[in-house]
Amino acid sequence: MKLNKDQKQKIRDNFKDHPNLIDLTRIVFEDDSLDGRSKEGRSVKKFLAEQSLDYKTTKWDKVEDIELTEAQIEFAKQQAKNGLSAFQISEMLWPEISVKRFSKQHVAVLDFLREYEPAYVHDSESAVNRVYSPPKLLTTGLNKVNEFCHIGLQEEKLSHDETNCIESLIRSLSAPRFIQVISNYSSMKDRELFEAEFIRATWDKPDLTSDEINLYINVCVDYINLKNISSHIEKLNTMFNEVEDQQDMTVRLAEVLKSKTDEYDKCEKRMESLIKKLNGDRAERLKNRSKENATILSLVKNFQIEDERRRMVELADMQKKLVDEEVTRLDNMDSWKARILGISKHDAT
């Protein structure tokens, strides 16, 4: 990928303040998802080298030490089409060493597949080296609530309480532990499920404490565990049916299947216990708060009643005062008295 003149000038203009390769790449291409390992990052890196500019890198850029050969690239393409993961392909490409997950070899193959054909990236590796980015704007948080909760809220029609709920959710999604836990999942589907269940459970509870938020994170971890354990059980059942005529194998599979089933039950009970505790604690807190609010409302009501009584007394006093003043005024009007008595100047003459 070649840089145009404007992009090269943008690098020169920003290099002093942003000497980091990732920062420069994201500034030049205006895309926060890019890093030094992307094709855009490599083009920026090449230009910096040509200009003898000493840039800074992060630990992930060390993966650049491994360059796949043409033969390795063709092999990776073919095996990816066959459904193998980048890790499985890397094990086959370097059989002489014990390739570890997320090692240079593994990530080099994964990066190639992401650039060559993202659809070939195995689901279990779709989020490798991708840090979760929490929403920052109210609009983004609202969109996530609508997507996962199927509510259909409109930003311009949000009530004060709904706005408060979404702002509180955004803060929860930005919590360090939430980002750390969700970023540990290498599957994007697991991340999406984790985020969805957390939002569904907490978005309308802006009063949650930090401890309760951590417990909800634990509940979401167990949601993912249940999903994965269920998948393992399904595969074991399939294997069990395929080898039912092999007694030794069926015995071993039966033991593993029982172990997984026990694990599923324990996980399910743990979730139920956590959810019950969370609902109970919050219900008790809301109950106490309702009592406090009732007391305050009672005081306000009594105050309003007393205030209304005082106002009515004041109005009565004012009316009485006005009547007294009018009587006095009339009493001082000689002509008015004369007319009432039927006396006039004409009669007097």
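A brief look at the structure comes next.

Reading guide: rules and limits
- Residues numbered from 1 in each chain as written.
- Predicted model: local features only at pLDDT ≥ 70, side-chain atom pairs only at ≥ 80, totals over all residues.
- Heavy atoms only, no water.
- Helix = DSSP H or I, 4+ residues; strand = E, 2+ residues; numbered from the N terminus.
- Contact = heavy atoms within 4.5 Å.
- Areas by Shrake-Rupley, 256 points an atom, 1.4 Å probe, with all protein chains shown as cover.
- Salt bridge = Lys/Arg side-chain N within 4 Å of Asp/Glu carboxyl O.
- Buried < 20%, exposed > 50% of the residue type's maximum accessible area, 1.4 Å probe, protein only.
- Arc of directions from axis to C-beta.
- Phe/Tyr/Trp six-rings, centres within 6.5 Å; stacked < 30°, edge-to-face > 60°.
- Core = buried A, V, L, I, M, F, W, Y, C linked by side-chain atoms within 4.5 Å.
- Axes fitted to C-alpha atoms, helices over the stretch in contact; angles between N-to-C directions.
- Nonpolar A, V, L, I, M, F, W, Y, C, P; charged D, E, K, R; others polar.
- Lys, Arg positive; Asp, Glu negative; His and termini not counted.
- Polar contact = N/O pair within 3.5 Å; in protein donor to acceptor, adjacent residues only side chain to side chain.

We now examine the overall build of the chain. The helix and strand tally for the chain stands at 14 helices and zero strands. Listed by position from the N terminus, the elements making up the chain come as α-α-α-α-α-α-α-α-α-α-α-α-α-α. In the chain, of all internal contacts separated by at least 6 residues, the share reaching a separation of at least 24 is 61%. For the chain, the computed accessible surface area is about 23,100 Å², with 51% contributed by carbon and sulfur atoms.

The next subject is the pattern of salt bridges. Taken as a whole, this structure holds 11 salt bridges when the rule is applied. A salt bridge links E30 to K10; the nearest nitrogen and oxygen atoms lie 3.3 Å apart. Highlighted residues: E30 in the loop between α2 (21–29) and α3 (39–50) and K10 in helix α1 (residues 5–15), separated in sequence by 20 residues. By relative accessible area, E30 is classed as exposed at 65%. Classification of K10 as partly exposed rests on a relative accessible area of 27%. Between K258 and D262 there is a salt bridge, with its nearest N and O atoms 3.1 Å apart. In this pair, K258 and D262 both sit in helix α12 (residues 247–331), four residues apart, roughly one turn of the helix. The exposure class assigned to D262 is partly exposed, which follows from its relative accessible area of 33%.

Moving on: unusual backbone geometry. Here F102, not a glycine, exhibits a phi torsion of approximately 65 degrees, which is positive. Locating F102 in the fold gives a position in the loop between α5 (86–93) and α6 (104–116). Residue classification places F102 among the partly exposed residues on the basis of a relative accessible area of 44%.

With that out of the way, let us pick up α5. For an α-helix, the turn length of 3.6 residues means that residues three or four places apart are oriented alike. A86, F87, I89, S90 and L93 are the residues of α5 that are buried. For α5, the buried positions fall inside an angular range of 160 degrees around the axis, keeping them on one side. If you follow the buried residues of α5, they end up packed against α4 (70–81) and α6.

So, on to the packing of aromatic side chains. Under the defined criterion, the tally for this structure stands at six aromatic pairs. Here the aromatic rings of Y132 and F178 are separated by 5.6 Å at their centres, their planes lie at 65 degrees, and the arrangement is edge-to-face. With Y132 in the loop between α6 and α7 (138–149) and F178 in helix α9 (residues 176–183), the pair connects residues that are 46 residues apart, well separated along the chain. Judged on exposure class, the residue Y132 and its partner F178 are both buried. Seen from their ring centres, F178 and F194 are 5.5 Å apart, and the 50 degrees between their planes marks the pair as tilted. Here the residue F178 occupies a position in helix α9, and F194 occupies one in helix α10 (residues 188–202), the gap between them amounting to 16 residues. For the pair formed by F178 and F194, the shared burial category is buried. Taken together through their ring pairs, the aromatic side chains of Y132, F178, Y185, F194 and F198 make up a single cluster.

The next subject is the nonpolar core. Within the largest apolar cluster, 33 residues are counted, with the highest numbers of intra-cluster contacts made by F178, F194, F198, I199 and W203. Of all elements in the fold, only α7, α8 (160–173), α9, α10, α11 (210–242) and α12 reach the threshold of two or more residues within this core. Here this core takes seven residues from α11, the largest share from any one element. Beyond its immediate sequence surroundings of up to four residues, F194 is in contact with F178, V181, I182, Y185, I217, C220, V221 and I224.

Two elements in contact, α9 and α10, have axes whose closest approach is 9 Å; the angle formed by their N-to-C orientations is 145 degrees. Between α9 and α10, the contacting residues are F178, V181, I182 and S183 on the first element and R191, F194, E195 and F198 on the second. Of the residues contributing to the contact of α9 with α10, the split by class is five nonpolar, one polar and two charged.

A word on the side chain of R191. Looking at where R191 falls in the secondary structure, it is placed in helix α10. No salt bridge is formed by the buried R191, whose closest oppositely charged neighbour, D190, lies at an N-O distance of 8.7 Å. From its side chain, R191 meets the backbone oxygen of S183 in a polar contact 3.0 Å long. Not counting chain neighbours up to four residues away, the residues in contact with R191 comprise A127, R130, V131, Y132, I182, S183 and Y185.

Attention shifts here to the environment of L208. Of note, L208 is situated in the loop between α10 and α11. The residues contacting L208, other than those within four sequence positions of it, are T202, I213, Y216, R282 and R285.

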